[in-house]
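# Structure at a glance
Here is how the chains run, residue by residue.
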Amino acid sequence: MFFAVSKILGFFVVPSNAVAMLCALGALLLLTRFRKAGSRLLGLGVLLMLVCGYSSLGNLLLLPLTERFPAWIAAGRTPDGIIVLGGSIDPERSQARGSLEMDAAAERIITMLQLARRYPQARIVFSGGSANLIQEPVSEAPIAGDLLQDFGTPASRIVLEGDSRTTAENAEFTRRLVSPKPGERWLLVTSAFHMPRSIGVFRKAGFEVEAYPVDWRTRGWSDATMPFTALSAGLARTDVAVHEWIGLIAYWATGRSSEFFPGPRKIN
C-alpha cells in the first residue's frame, strides 16, 4: 500500500507536474465564468515554471542533500561487502532493446564495477527490483548481475536482491539476504542526494553501512547561485530535490527512517 500511495502522490507533488496541472486548471477556468481566477492561476503557473526552470532553486534544494555525506575515504581495512542501490538501470528499455540502458544515475553502475575490481574479496550486492506502477515490472538486479559477470566478477561474489521497490525495502531485504556479521565493513553506493534517506533506512533496519556517495549532480556550494540555461534542466533538478525532501519527511513520519535528516557518524 505504501508503495502505491507514494507513487501516486509523488506524481502530483513534483514541481513540474504540479505546475503543469496548475496551468491546465487555469486554462480550463478561462473557458468558464471564472476567467479572472483562471487568469491568475495560469499566470502563477507560468511564474512558478520559470522560477523552477531557470533560477538556482533546484541547486539550492539539492545541495543540502548531496553535501550531507562526504566522499568515502578508504581508511582502515578493506570492505567485506559493497551494496549498490538500484535506480540506475532502465530495465524495461534494457529488456526491449536487448542491451544495457541506463539513466541519469549511471555513476552507481560505473562505481559498482570499479569497486568490484578494486576489492576482489568483497561481496557485491545489487539491490533493486522494479518501481514501475503501471507497466509489467522488470527487475534491475538480474541485468546488474549479468553486467558484473561480463566484467569478470565471479558469480560466487555476487548477491542479487531483485524484489525491492522502495528504499526502505532495499534495506530490509538486503539485511535479510546477507545477514551482516558484527564487525564487518559494508559500503553503501547510491546517488549523493539519495544518501541521507538511504542511510536512515539502513540504520533503522539495523544494518550499519558506510556512505559511498556518487552522482553528485553539482560541483558543490559554488553552484548555489548558478541559474540554468535550459528550462527542462532546471525543472528536472528541482523535481529530484523536492522528491527527495518529501521522501525524507514521509519516511521519518511513518517510522521507516532512524531520523529525519541522517548524517555521518563514526564507524568503529
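Quick look at the structure, then. (Residues numbered from 1 in each chain as written. Predicted model: local features only at pLDDT ≥ 70, side-chain atom pairs only at ≥ 80, totals over all residues. Heavy atoms only, no water.)

## Section: the side chain of Arg 185
- Here Arg 185 is to be found in the loop between helix H8 (167–178) and strand E4 (186–191).
- Here Arg 185 falls in the buried class, since its relative accessible area comes to 11%.
- Not counting chain neighbours up to four residues away, the residues in contact with Arg 185 comprise Trp 72, Ile 73, Ala 75, Gly 76, Arg 77, Thr 78, Pro 79, Asp 80, Gly 81 and Glu 210. (Helix = DSSP H or I, 4+ residues; strand = E, 2+ residues; numbered from the N terminus. Buried < 20%, exposed > 50% of the residue type's maximum accessible area, 1.4 Å probe, protein only. Contact = heavy atoms within 4.5 Å.)

## A look at the packing of aromatic side chains
- Counted under the stated rule, the structure contains 8 aromatic pairs.
- Each ring, one from Trp 72 and one from Tyr 119, has its centre 6.4 Å from the other, and the planes form 85°; the classification is edge-to-face. Of this pair, Trp 72 sits in the loop between helix H4 (57–66) and strand E1 (81–85) while Tyr 119 sits in the loop between helix H6 (107–118) and strand E2 (123–127), and the two are 47 residues apart along the sequence.
- By relative accessible area, which is 16% here, Trp 72 ends up buried.
- Taking the relative accessible area as the measure of exposure, Tyr 119 reaches 10% and is therefore buried.
- With a centroid separation of 5.6 Å and an interplanar angle of 80°, the aromatic rings of Trp 186 and Phe 207 are classed as edge-to-face. (Phe/Tyr/Trp six-rings, centres within 6.5 Å; stacked < 30°, edge-to-face > 60°.)

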